[in-house]
Amino acid sequence: MSAVPRSEKSGRAERPSGRFRRMLDRLSSSQEDLESEELREDTHASGCTRISECTDRQIVKVTGTLRTVTLRPRAGVPALEAELFDGTAPLDVVWLGRRSIVGIEPGRKLIVSGRIAVSHGRRVLFNPTYELRPFGKE
């Protein structure tokens, strides 16, 4: 019998477990990775669908953080466009006929629901129902 730990006999290094492992993972991860993980956990906790799992013509409820908000006319009609990210994939959210909406700004978390469309390979949600998440929960 030897005093060598079982993990060294099998050739694998022993990984720290529990709280210490999570702390090491957080220290070695980029800020974007950490934010993505937090958004994925928030999606799971709120009972929403992950954006990466959404398909064309599916009615969905998703949550995430707005990365960008821009005014981009479509066919001569004003359109407020925003990119929502939930840690898995981006979703373009478009409000036709709107130049601005109070509370719709980069960095804001929200829940949107409606029917997904796929346009030019990107998921798009037109005129969704939306719910702004309170700042206290961010």
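Here the structure is shown first, and the text comes after it.
Residues numbered from 1 in each chain as written. Predicted model: local features only at pLDDT ≥ 70, side-chain atom pairs only at ≥ 80, totals over all residues. Heavy atoms only, no water.

Trainee: Pulling in residues and values, what's your account of the overall build of the protein?
Mentor: Helix and strand content of the protein: three helices and six strands. Across the protein, helices and strands are ordered from the amino to the carboxyl terminus as α-α-α-β-β-β-β-β-β. Across the 138 residues of the protein, 31% fall into the buried class. Relative to all contacts within the protein whose residues are 6 or more apart in sequence, the contacts with residues 24 or more apart total 51%. (Helix = DSSP H or I, 4+ residues; strand = E, 2+ residues; numbered from the N terminus. Buried < 20%, exposed > 50% of the residue type's maximum accessible area, 1.4 Å probe, protein only. Contact = heavy atoms within 4.5 Å.)

Trainee: Break down unusual backbone geometry for me, citing the residues and quoting the values.
Mentor: Even without being a glycine, Arg-57 presents a positive backbone phi close to 70°. Assignment of secondary structure puts Arg-57 in the loop between helix H3 (31-46) and strand E1 (59-71). Despite not being glycine, His-120 has its phi angle at roughly 55°, a positive value. Relative to the helices and strands, His-120 is located in the loop between strand E4 (109-119) and strand E5 (122-126).

Trainee: Please provide a residue-by-residue account of the packing of aromatic side chains, values included.
Mentor: Here the structure, examined in full by the defined rule, presents one aromatic pair. Relative to Tyr-130, the ring of Trp-95 has its centre 5.6 Å away and its plane inclined at 80°; by these criteria the two rings are edge-to-face. Residue Trp-95 is found in strand E3 (residues 90-96), and its partner Tyr-130 is found in strand E6 (residues 129-132); the two are separated by 35 residues along the sequence. Since its relative accessible area comes to 4%, Trp-95 is described here as buried. (Phe/Tyr/Trp six-rings, centres within 6.5 Å; stacked < 30°, edge-to-face > 60°.)

Trainee: Lay out the side chain of Glu-81 with the relevant residues and their values.
Mentor: Following the sequence through the fold, Glu-81 ends up in strand E2 (residues 79-85). Reaching out from Glu-81, the side chain makes a polar contact with the side chain of Arg-72 at a distance of 2.9 Å. Look past the residues within four positions of Glu-81 in its chain and what remains in contact with it is Thr-68, Val-69, Thr-70, Arg-72, Arg-74, Val-93 and Val-94. (Polar contact = N/O pair within 3.5 Å; in protein donor to acceptor, adjacent residues only side chain to side chain.)

Trainee: Give a detailed account of the environment of Cys-54, specifying residues and quantitative values.
Mentor: Tracing the sequence through the fold places Cys-54 in the loop between H3 and E1. On the basis of relative accessibility, which here comes to 6%, the residue Cys-54 falls in the buried class. For the pair Cys-54 and Ala-117, spaced 63 residues apart in sequence, the C-alpha to C-alpha distance is 9.5 Å. Setting aside chain neighbours within four positions, we find Cys-54 in contact with Thr-49, Val-60, Val-62, Ile-116 and Arg-123.

Trainee: A description of the pattern of salt bridges should follow, citing residues and the corresponding values.
Mentor: Side chains carrying opposite charge are able to pair once their charged atoms draw close together. This structure, assessed with the given rule, holds five salt bridges. The salt bridge partner of Arg-122 is Asp-92, with a shortest N-O separation of 2.8 Å. Within this pair, whereas Arg-122 is found in strand E5, its partner Asp-92 is found in strand E3, the two being separated by 30 residues in sequence. What makes Arg-122 partly exposed here is its relative accessible area of 34%. With a relative accessible area of 18%, Asp-92 lands in the buried category. (Salt bridge = Lys/Arg side-chain N within 4 Å of Asp/Glu carboxyl O.)

Trainee: Can you explain the nonpolar core? Please cite residues and give values.
Mentor: Formed by 18 residues in total, the largest nonpolar core has its most connected members in Val-62, Leu-84, Leu-91, Trp-95, Ile-104 and Val-112. The set of elements that each furnish at least two residues to this core consists of E1, E2, E3 and E4. (Core = buried A, V, L, I, M, F, W, Y, C linked by side-chain atoms within 4.5 Å.)

Trainee: Lay out the environment of Ile-59 in plain terms, naming residues and giving numbers.
Mentor: Within the secondary structure, Ile-59 sits in strand E1. Residue classification places Ile-59 among the exposed residues on the basis of a relative accessible area of 60%. With 57 residues separating them along the chain, Ile-59 and Ile-116 place their C-alpha atoms 6.3 Å apart. Ile-59 has contacts with Gly-114 and Arg-115, leaving out every residue within four places of it along the chain.

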